Amino acid sequence: MTSGRVNPQFRLEDQGIGGLGNVYYNLMEPALVEAALNRGEGTLGKGGAFLVTTGKFTGRSPKDKHVVKTDSVADTIWWDNNAAMSPEGFDALYTDMLKHMEGGDYYVQDLVGGADPKHAINVRMVTELAWHGLFIRTMLRRPEREALDDFIADFTVINCPSFQADPAKHDCRSETVIAMNFDRKMILIGGTEYAGENKKSVFSLLNYLLPEKGIMPMHCSANHATGNPVDTAVFFGLSGTGKTTLSADPERTLIGDDEHGWSDNGTFNFEGGCYAKTINLSREAEPEIYATTEKFGTVIENMVFDEETKELDFDDDSLTANMRCAYPLHYISNASTKAVGGHPKNIIMLTCDAFGVLPPIARLTPAQAMYHFLSGFTSKVAGTERGITEPEPTFSTCFGAPFMPRRPEVYGNLLREKIAQHGATCWLVNTGWTGGAYGTGSRMPIKATRALLTAALDGSLADVEYRKDPNFGFEVPVSVTGVADILLDPRRTWDNPESYDRQAAKLVAMFSNNFEQYLPYIDEDVKAAAIS
């Protein structure tokens, strides 16, 4: 039996997917919440939020992501970063997954990736779990109901958590699998209930497709000055660096919190929702995001709550430090209705430095910007990937290596060209540790970070005095209104300056060693900006 609104010429049967039980097409939020509750997938929370746990997997499984190695992509995929799967392995995986799905009920959402219609792709999401349907309906862009009547998907994603892959038969690493086949325009996900795999599979897809059109895909948040989309800022950063928090500035209009493109027309969000970390979230510090946790249809993932009152515990990370909430963009009062902006005037690269070495803000030349973009230094924050329990320093190129199918220089050169064309000012912002490394120092005060960003975005930092950092060569402001001067000089925040010098030398060496892999692919000015 099928129900819901769908193109009668583009049902699952028309795609060769048959033998299922009930198929529910394009249910809206109330029906999805009702179905998920009836199936025992989760609990109704305050305000109608949906509370759910994801079992064994509470973060992404990047090592289980595969790209099918066909002739059409063999020379364009970055195979050092993307595990290959044979076409035969994928065919067997597809056959076995569909066999496993027979007789089961499934939820189909026909959605769009990209707020710019010129560059958007149609994505069909087929989910075993009703709440996954709710999640991805929240996260991607929802077409008008009338548009569903002739919707044809460019790509289809099938997510079946109860399916276990066979590594030997399916040419994958484990029983958990995320397999992308560009020739068959299909993504298969099995063996994990973590909902983030749904959205990041679409992001990875766009990261491959868009560069061919001269569009820069970005793992970033974005906002613009109220009433002035020309004054757009983008915030690159891995999970846990503050992308969502810092872009949700009440004085600016939110474009989006995680995934964007930069085309000849400007900036556009890929998504229609936000996926915010909720650990230590407070009503006082982040009132808008906090309020979404008590709104209808918000998906609350892996949070401890009181069984009787349904009060959420924002400090209890016993399930995972990667607790999250997914909510539609319009739940943020100052969110853009169009989710587009102009060409970025400011580019902020967010890093979470667990060494306590980097200053809270630094101004970068274009060559330094490409250097830091390719380096992608940060610390993986607890919970964002399986097995990460405390901050772990890492280099994740393009501030999003797990989602980059192409070589880093493809994205780096696109960014460099667009910076040169549109004259963006670039900044490196450290939201990590100050006064010492992780375990000794403390997290950078968010009030200071906000004050520095405000000064950067409103132009105030253009006129202040700068010093050249002796370790990294970038410019650091000496004094900024509203921020303690000592905070701007990390060495002064340490009790023992010599310990800082040793730690800085260690980090410089890490940067240098990591960047050697890019030297054959970059121009001389970027080589000159390299730290050694």
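Residues numbered from 1 in each chain as written. Predicted model: local features only at pLDDT ≥ 70, side-chain atom pairs only at ≥ 80, totals over all residues. Heavy atoms only, no water.

### Some remarks on the UniProt feature "binding site: substrate" (unreviewed entry) in the chain
Turning to step 1, where the next piece is worked out: The UniProt entry lists Arg60, Tyr194, Lys200 and Arg324 under the feature "binding site: substrate" (unreviewed entry), expressed in the numbering used here.
Turning to step 2, where the next piece is worked out: For Tyr194, a relative accessible area of 2% gives the class buried.
Turning to step 3, where the next piece is worked out: Tyr194 has contacts with Thr54, Phe57, Thr58, Gly59, Arg60, His132, Tyr275, Glu301, Asn322 and Arg324, leaving out every residue within four places of it along the chain. (UniProt positions renumbered as here; feature names shortened; annotations may be inferred. Buried < 20%, exposed > 50% of the residue type's maximum accessible area, 1.4 Å probe, protein only. Contact = heavy atoms within 4.5 Å.)

### Details of the UniProt feature "binding site: Mn(2+)" (unreviewed entry) in the chain
Turning to step 1, where the next piece is worked out: On the UniProt side, "binding site: Mn(2+)" (unreviewed entry) is annotated at positions that read Lys200, His219 and Asp258 here. These annotated residues cover 59 residues of sequence, and their C-alpha atoms all fall within 10.3 Å of one another, placing them together at a single site.
Turning to step 2, where the next piece is worked out: Counting through the fold element by element, Lys200 comes out in helix 5 (residues 196-209).
Turning to step 3, where the next piece is worked out: By relative accessible area, which is 9% here, Lys200 ends up buried.
Turning to step 4, where the next piece is worked out: Not counting residues up to four positions away in its chain, the partners in contact with Lys200 are Arg60, His219, Asp258, Glu259 and Phe403.
Turning to step 5, where the next piece is worked out: Checked against the element boundaries, Asp258 lands in the loop between strand 14 (252-256) and strand 15 (259-263).
Turning to step 6, where the next piece is worked out: You can call Asp258 buried: its relative accessible area is 7%.
Turning to step 7, where the next piece is worked out: Discounting residues that sit within four places of it in the chain, Asp258 has contacts with Lys199, Lys200, Met218, His219, Cys220, Ser221, Lys243 and Glu271.
Turning to step 8, where the next piece is worked out: A distance of 3.2 Å separates polar atoms of two side chains, one belonging to Asp258 and the other to His219. (Helix = DSSP H or I, 4+ residues; strand = E, 2+ residues; numbered from the N terminus. Polar contact = N/O pair within 3.5 Å; in protein donor to acceptor, adjacent residues only side chain to side chain.)

### Observations regarding the pairing of strand 19 (residues 324-328)
Turning to step 1, where the next piece is worked out: The buried fraction of strand 19 is high, at 5 of 5 residues.
Turning to step 2, where the next piece is worked out: Across the two faces of strand 19 the burial is the same, with Arg324, Ala326 and Pro328 and Cys325 and Tyr327 all buried.
Turning to step 3, where the next piece is worked out: Looking at chain direction, strand 17 (residues 273-277) and strand 19 are connected through 5 bridges and run antiparallel. Pairing of Tyr275 across the sheet is with Ala326, part of strand 19.
Turning to step 4, where the next piece is worked out: In terms of strand pairing, strand 18 (residues 299-301) meets strand 19 through 3 bridges, oriented antiparallel. Paired with Val299 across the strands is Ala326, a residue of strand 19. (Pairing = 2+ DSSP bridges.)

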